[in-house]
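Geometric and topological summary
Chain by chain, the residues run as shown.
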Amino acid sequence: MNFQTTFFVCLCIQVSLAEKIRYDNYKVFSLTPRSADAVKALYEMEEMGMSGYNFWSRVGPVGTPVQVMVPPYKVGELEATAEKVGMDMEVMLGNVQEQIDAEARAETEEESGFGWTKYNTLDEINDWLENITVQYAPNVTLLHVNHTYEGRSIVGVKVSFGPGNENRSVFIESTIHAREWITAATTTYILNELLSSENATIRNLAESHDWYFFPVFNPDGYEYTHTTDRMWRKTRVPHSILCSGADPNRNWDYYWNHGGTSGSPCTETFRGPQPFSEPCCRIMSEFITSIGEQLVAYISFHSFSQLLLIPYGYTPEHLENYEQIYQIGLKSAEALAQRYGTQYRVGTVYETIYQASGSSADWVKGVFKTPIVYGYELRDQGQYGFLLPPDQIVPTAEETFDSLITIFREYYADVATQ
Ligand SMILES: [Zn+2]
């Protein structure tokens, strides 16, 4: 390498480092509103997308804590607001950048390539998906759904151990929200277990269904969280001069814009200018439609809050087989708690967290009446939020798989007695 190339390489590295958004001394607060005014104030802060406050969870009623990332220059203002309207403040993370650095260190300390002791990049995940199609041929086939806004394929796999399972298809979705890294780590772990475990229950579960896994549903956003902004949530479609991205889990064409979304492109819950404005949602909806009638289950994975959520998000009504899915959900949460004591709450999106319309889960349940539809909000309860330490990946994946196994066991036991 001559001097010129060395200089060029160094310059590039510096530029790419400089481009990464840093969160030095940003704090994450858990804010608990104690009055109606405090709830109103939180809603106003959330709606002002450019205000600097970054909401890690959604605002709920009085007494419900909400996690918000706050830049250092805003802490004083927030303290004054909290005092004025009646809001408890608790620091969850004292310096967000430190947590991001720790996560990055885990990535460089571990052996390069794919694994579950660190969070994987988009390329590492896609390479691994390709590798398992070779390792487990002919039971695994690669799926490319084209194209996202930035021209990527959404890469998935179909797992099938033979004909006859078409009408027992299961669809697994994760990382529709880009910063929720624990979700892709968990679903790839479960996929690996289904392929490699010698446990009889797991073998039976794996081989009696056709499985569709799409670990990174929003690849443009996920790539962006690795290259530029760890805290990015949305798509990368530019919707205004200042702000990019719509919330891909508020963009689906089923009761779209029926509450719990924002019309402002600078907010985290921007629903998009129209249903399916986001290419990743539209192309995946077309793919899901091609197998929609065959689905027995659709499970979407989010983080964080430790919830097992049931449709719907747009309405408080309990529709279709709510009671059955609620009872199974309770047993599933019980199974999840057994290994490490992790506590989950179970209920509809609307009742458990907040009204939210235009989600993929509402769309699947509403359009195809799929019997089993759940949305997981994985660990934790806000201690680390989206920056869950890598040493929690395997425990999170293990307990989640316990609960998933229970869902199917209970569902078929229920069907057998009807
Ligand atoms: Zn999410």
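Residues numbered from 1 in each chain as written. Predicted model: local features only at pLDDT ≥ 70, side-chain atom pairs only at ≥ 80, totals over all residues. Heavy atoms only, no water.

Per an unreviewed UniProt entry, the protein goes by Peptidase M14 domain-containing protein and derives from Exocentrus adspersus. Within the UniProt record for the protein, the comment given under Cofactor (unreviewed entry) is "Zn(2+)". Per UniProt, the comment on the protein under Subcellular location (unreviewed entry) is "Secreted". (UniProt positions renumbered as here; feature names shortened; annotations may be inferred.)

1. Overview of the overall build of the protein
Scanning the protein from N- to C-terminus turns up 13 helices and twelve strands. Here the protein has a C-alpha radius of gyration of 21 Å; the compact-globule value for 418 residues is 22 Å, and the two agree. Considering only C-alpha atoms, the protein reaches an extent of 65 × 60 × 40 Å along its principal axes. Residues counted as buried form 59% of the 418 residues belonging to the protein. Split by element, the accessible area of the protein, about 17500 Å² in all, is 51% carbon and sulfur. Taking the average place of the 29 positive charges on the side chains of the protein and the average place of its 53 negative ones, the gap between the two points comes to 3 Å. (Helix = DSSP H or I, 4+ residues; strand = E, 2+ residues; numbered from the N terminus. Rg over C-alpha atoms; globule rule 2.2 N^0.38 Å. Buried < 20%, exposed > 50% of the residue type's maximum accessible area, 1.4 Å probe, protein only. Areas by Shrake-Rupley, 256 points an atom, 1.4 Å probe, with all protein chains shown as cover. Lys, Arg positive; Asp, Glu negative; His and termini not counted. Charge placed at Lys NZ, Arg CZ, Asp CG, Glu CD.)

2. Some details on the coordination of the zinc ion
In the first shell of the zinc ion, the protein supplies His177 (ND1), Glu180 (OE), Glu180 (OE) and His302 (ND1), at 2.0 to 2.3 Å from the metal. One can describe the site at the zinc ion as irregular: its four donor atoms subtend angles covering 57 to 150° at the metal. Counting along the primary sequence, the residues that act as donors to the zinc ion give the motif H-x2-E-x121-H. One end of the pair, His177, is in the loop between strand 7 (169–174) and helix 6 (181–196); the other, His302, is in strand 9 (residues 295–303), with 125 residues separating them in the sequence. (Donors = N, O, S within 2.8 Å, 3.2 Å for Na, K, Ca; no water. Tetrahedral: all angles 85-135°; square planar, octahedral: opposite > 155°, others 65-115°.)

3. Looking at the packing of helix 9 (residues 279–291) against helix 12 (residues 360–368)
Direction vectors running N to C along helix 9 and helix 12 enclose 35°, while the axes themselves pass 12 Å from each other. The handedness of the crossing between helix 9 and helix 12 is right-handed. Taken together, the residues of helix 12 that come into contact with helix 9 (itself represented by Ser285, Ile288 and Thr289) are Trp363, Val364 and Phe368. The residue inventory of the contact of helix 9 with helix 12, partitioned by class, reads four nonpolar, two polar and no charged. (Axes fitted to C-alpha atoms, helices over the stretch in contact; angles between N-to-C directions. Left-handed = near helix turned anticlockwise from the far one by under 90°. Contact = heavy atoms within 4.5 Å. Nonpolar A, V, L, I, M, F, W, Y, C, P; charged D, E, K, R; others polar.)

4. Focus on the packing of helix 6 against helix 13 (residues 393–417)
A packed helix pair is summarised by two numbers, namely the angle formed by the two axes and the spacing between the axes. Across the interface, helix 6 lies against helix 13 with an axial gap of 9 Å and an inter-helix angle of 60°. Considering their axes alone, helix 6 and helix 13 lie oblique with respect to each other. The handedness of the crossing between helix 6 and helix 13 comes out as right-handed. On helix 13, the residues touching Ile182, Ala185, Thr186, Tyr189, Ile190, Glu193 and Leu194 of helix 6 are Ile393, Val394, Thr396, Ala397, Glu398, Thr400, Phe401 and Leu404. (Parallel < 35°, antiparallel > 145°, perpendicular 65-115°, else oblique.)

5. Topic: unusual backbone geometry
Of the consecutive residues Pro311 and Tyr312, the connecting peptide bond is found in the cis state with omega at 10°. Along the chain, Tyr312 falls in the loop between strand 10 (307–310) and helix 10 (322–340). With an omega dihedral of -5°, the bond running from Arg379 to Asp380 counts as a cis peptide bond. Relative to the assigned elements, Asp380 resides in the loop between strand 12 (372–378) and helix 13. Notably, Gln306 is not glycine yet its phi reads approximately 60°, a positive angle. For Gln306, the position within the fold is in the loop between strand 9 and strand 10. Gln306 gets classed as buried once you look at its relative accessible area, which sits at 8%. The phi angle at Lys369 is positive, at roughly 50°, despite the residue not being glycine. Relative to the helices and strands, Lys369 resides in the loop between helix 12 and strand 12.

6. As for the UniProt feature "active site" (unreviewed entry) in the protein
In the numbering adopted here, UniProt assigns the feature "active site" (unreviewed entry) to Glu377. Among the structural elements, Glu377 can be located in strand 12. In contact with Glu377, not counting residues within four places along its chain, are His302, Ser303, Phe304, Ser305, Gln306, Leu307, Leu309 and Tyr344. Within polar-contact distance, the side chain of Glu377 engages the backbone nitrogen of Phe304 at 3.5 Å. (Polar contact = N/O pair within 3.5 Å; in protein donor to acceptor, adjacent residues only side chain to side chain.)

7. Brief notes about the domain arrangement of the protein
Split by domain assignment, the protein resolves into domain 1 (27–94) and domain 2 (102–417). Once you take the C-alpha centre of each, domain 1 and domain 2 turn out to be 28 Å apart. Domain 1 puts 13 residues into the contact, and the matching count from domain 2 is 21 residues. Together domain 1 and domain 2 conceal approximately 1400 Å² of surface at their shared face, both sides included; 62% is due to carbon and sulfur atoms. The interface formed by domain 1 and domain 2 holds zero salt bridges in total. One can count four residue pairs in polar contact (both at pLDDT 80 or more) joining domain 1 with domain 2. (Domains from an automatic or database assignment. Buried area = accessible area lost by both parts, 1.4 Å probe. Salt bridge = Lys/Arg side-chain N within 4 Å of Asp/Glu carboxyl O.)

8. Re the sheet that holds strand 7
Sheet architecture is open: eight strands sit in the order 5-6-8-7-9-12-10-11, paired in mixed fashion. For this open sheet the edge positions go to strand 5 (140–146) and strand 11 (345–348), each flanked by a neighbour on one side alone. Each neighbouring strand pair of the sheet contributes to a mean axis angle of 20°, computed without reference to strand direction. As judged from the three bridges shared by strand 10 and strand 12, these two strands associate in the antiparallel manner. Across the sheet, the residue bridging to Leu309 is Gly375, located in strand 12. Its contacts with the sheet put helix 10 on strand 10, strand 11 and strand 12, and the angle it makes with strand 12 is roughly 40°. (Pairing = 2+ DSSP bridges.)

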